[in-house]
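Structural characterization, general
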Amino acid sequence: MRLSVIGCGYLGAVHAAAMASIGHDVVGIDVDTRKIESLSKGEAPFFEPGLQEILAAGIESGRLRFTTDMAAAEDASVHFIGVGTPQQAGGYAADLTYVNAAVDGLLPYLREGDVVAGKSTVPVGTAAGLAPRVEATGATLVWNPEFLREGWAVQDTIDPDRLVAGVPGGAGGERAADVLREVYHPAVGKGTPFIVTDLATAELVKVAANAFLATKISFINAMAEIAEVTGADVTQLAEAIGHDARIGRRFLGAGIGFGGGCLPKDIRAFSARAEELGRGESVAFLREIDAINLRRRDRAVELVVEALGGSAFKKNITVLGAAFKPHSDDIRDSPALDVAVKLHGLGAHVAVTDPEAIANAQRVHPQLTYVEDRDEALRAADAVIVVTEWDEYRRELSPEHAATLAAGRIVVDGRNCLDAEAWRAAGWTYYGMGRP
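Observations concerning the nonpolar core
If you look at the biggest cluster of nonpolar residues, it comprises 41 residues, and the most contacted ones within it are Met-19, Val-26, Leu-64, Phe-66, Phe-80 and Leu-180. It is helix α1 (residues 10-21) that provides the largest number of residues to this core, a total of 9 residues. Ile-256, Ala-300, Val-305 and Val-352 belong to the second-largest nonpolar core, a separate cluster that totals 33 residues.

Given below as structure tokens:
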């Protein structure tokens, strides 16, 4: 099948390469010339495990190409919209500028029977507003939300845990659902749940999923706040309640909270849309979820300062991590970088290291010192804080080895990912998030 993917950022580039890898002929379209040049050479413009390999293979096979020319979409019968929906400047709502531009640019090239599948995360009601413009061409608009985890995006696209297709009523919607089943034939063939809904429900599925995950993370971080004033251990708490099948252990890791390009802006946009619909009270709790999340970043900074005797001024602090999560170079709303910047603002000499995200971090926060080599970053540190749980920090860095490099013996575990007893046994003063 011939597919077009409009928008070749994180979502679109992965989707285009993954669709080519399962046998489709795909053209990716974006207005960013540099991005298109990189992708056309088979070079991933960002770090995502597995992407480089399927991207290069797709280019070499001839099934995958990239261009800035929207007219290239004319040969496709299914068109995926994967552009960004950032938070509006000065507000919480989602900025739909790129979604509207993508649809407007695509309209002249749509034909009778084409399917336009929105993948961008949008406020509920967006598809209903776009549908008449698409339907006027004889094409059908559906909403097919993505559920990608950064670091696992290739796997999640090729072998998803579920597929959701929001379609209009009638025969046109049924046909569009069948087209999407054909697009995702390997996953559908192996029995992956394929859930057909109306357009509004499909839009809500994505934001509701993100809101639930954010709530679960902030819940355990709220428990960490209570643990810190009572002497309880939030990691043991999470283990105990996680054995309840109704709760589950996943996403109950207390630390400095969530970040990235999705969860923070999506829960804010959800709150804003609920207000517009006159149901702001229904998701008012999301404002507190956001506030808890941001407080944990501040708490991590406080722990470092407390450990250093009340002042970080002119102290050497090594920050292990810059990306918002491991297996990614994404620094959007990164709690790790936020902590580093706050420590720098307190007058500390901050050395940041990360296996993949240094170049991105340096562009946004050039005031920080960046060190490629982990061990070099640890040299002469008065305190060390782990803010991104890369394996080379949580598993491969022994406390004995770190002790031969650092000047001080203070470690703040911003992700509760270290073996506290092992670090203490090696002579370190260990501080966790919500741990005694």
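Side note on the pairing of strand β4 (residues 78-81)
The side-chain alternation of β4 yields two buried faces, one formed by Val-78 and Phe-80 and the other by His-79 and Ile-81. Bridge count for strand β1 (residues 2-6) against β4 is 4 bridges, and the pairing is parallel. What sits directly across from Val-5, in β4, is Phe-80. Direction of pairing for β4 relative to strand β5 (residues 115-118): parallel, over a ladder of 4 bridges. Bridge pairing in β5 places His-79 opposite Val-116. In the classification by handedness, the crossover that spans β4, the intervening helix α4 (residues 97-106) and the parallel β5 is right-handed.

Notes on unusual backbone geometry
Its identity as a non-glycine residue notwithstanding, Lys-314 has a phi of 60°, on the positive side. Mapped onto the elements, Lys-314 comes out in the loop between α12 (285-307) and β9 (316-320). Its identity is not glycine, yet Asn-416 carries a phi of approximately 45°, on the positive side. For Asn-416, the position within the fold is in the loop between β13 (410-413) and α18 (420-425).

Section: the packing of aromatic side chains
The full count for this structure, using the stated rule, is 3 aromatic pairs. Look at Trp-423 and Trp-428: their rings are 5.1 Å apart centre to centre, the planes differ by 70°, and that puts the pair in the edge-to-face class. We classify Trp-423 as buried; its relative accessible area is 4%. For Trp-428, a relative accessible area of 3% puts it in the buried group. A cation over a ring is seen here: Arg-162 above Phe-147, with NZ or CZ 3.6 Å from the ring centre. Above the face of the Trp-428 ring, Arg-409 is positioned so that its terminal group lies 5.8 Å from the ring centre.

Let's talk about the environment of Tyr-184
Its place among the elements puts Tyr-184 in the loop between α7 (171-183) and α8 (185-189). Residues Tyr-184 and Asp-159, spaced 25 residues apart in sequence, show a C-alpha to C-alpha distance of 9.2 Å. What Tyr-184 contacts, discounting residues up to four positions off in sequence, is His-15, Met-19, Phe-80, Lys-119, Asn-144 and Leu-163.

Re the pattern of salt bridges
Tallied over the entire structure, the rule returns 32 salt bridges. Note that Asp-159 is salt-bridged to Lys-190, the shortest N-O span being 3.1 Å. Of the two residues, Asp-159 sits in the loop between α6 (153-158) and β7 (163-166) while Lys-190 sits in the loop between α8 and β8 (194-197), which places them 31 residues apart along the sequence. By relative accessible area, Lys-190 is classed as exposed at 55%. Glu-306 is the partner of Arg-299 in a salt bridge, and the nearest nitrogen-oxygen pair spans 3.1 Å. One continuous salt-bridge network, built from bridges that share partners, spans Arg-268, Asp-290, Arg-297, Asp-298, Asp-333, Asp-338 and Lys-342.

Thoughts on the side chain of Asp-266
Of note, Asp-266 is situated in helix α11 (residues 263-276). With a relative accessible area of 3%, Asp-266 lands in the buried category. Here Asp-266 is in contact with Thr-121, Lys-206 and Asn-210, once residues within four sequence places are set aside.

Structural notes on the packing of α1 against helix α3 (residues 51-61)
Contact geometry of α1 with α3 gives a least axis separation of 9 Å together with a crossing angle of 60°. It follows that α1 is oblique to α3 by the angle criterion. When the axes of α1 and α3 are compared, the crossing they make is left-handed. Between α1 and α3, the contacting residues are Ala-13, Val-14, Ala-17, Ala-18 and Ser-21 on the first element and Leu-51, Ile-54 and Leu-55 on the second.

Considerations on the side chain of His-79
Tracing the backbone shows His-79 in strand β4. Accessibility expressed as a relative area gives 0% for His-79, which makes it buried. Reaching out from His-79, the side chain makes a polar contact with the side chain of Asp-114 at a distance of 3.1 Å. What His-79 contacts, discounting residues up to four positions off in sequence, is Ser-4, Ala-73, Leu-106, Leu-110, Asp-114, Val-115, Val-116 and Ala-117.

Details of the sheet that holds strand β12 (residues 383-386)
Strand order in the open sheet made by the 6 strands is β11-β10-β9-β12-β13-β14, with parallel pairing throughout. Either end of the sheet is taken by a strand with one partner, and the two such strands are β11 (369-370) and β14 (429-432). As judged from the 4 bridges shared by β9 and β12, these two strands associate in the parallel manner. Looking at β12, one finds that Thr-318 is bridged to Val-384. Running over the sheet, α12 touches β9, β12, β13 and β14 and is turned about 165° from β13.

Reading the values: the criteria
Residues numbered from 1 in each chain as written. Predicted model: local features only at pLDDT ≥ 70, side-chain atom pairs only at ≥ 80, totals over all residues. Heavy atoms only, no water. Core = buried A, V, L, I, M, F, W, Y, C linked by side-chain atoms within 4.5 Å. Buried < 20%, exposed > 50% of the residue type's maximum accessible area, 1.4 Å probe, protein only. Helix = DSSP H or I, 4+ residues; strand = E, 2+ residues; numbered from the N terminus. Pairing = 2+ DSSP bridges. Right-handed = clockwise from strand over helix to strand, strands pointing away. Phe/Tyr/Trp six-rings, centres within 6.5 Å; stacked < 30°, edge-to-face > 60°. Lys NZ or Arg CZ within 6 Å of the ring centre and 35° of its normal. Contact = heavy atoms within 4.5 Å. Salt bridge = Lys/Arg side-chain N within 4 Å of Asp/Glu carboxyl O. Axes fitted to C-alpha atoms, helices over the stretch in contact; angles between N-to-C directions. Parallel < 35°, antiparallel > 145°, perpendicular 65-115°, else oblique. Left-handed = near helix turned anticlockwise from the far one by under 90°. Polar contact = N/O pair within 3.5 Å; in protein donor to acceptor, adjacent residues only side chain to side chain.

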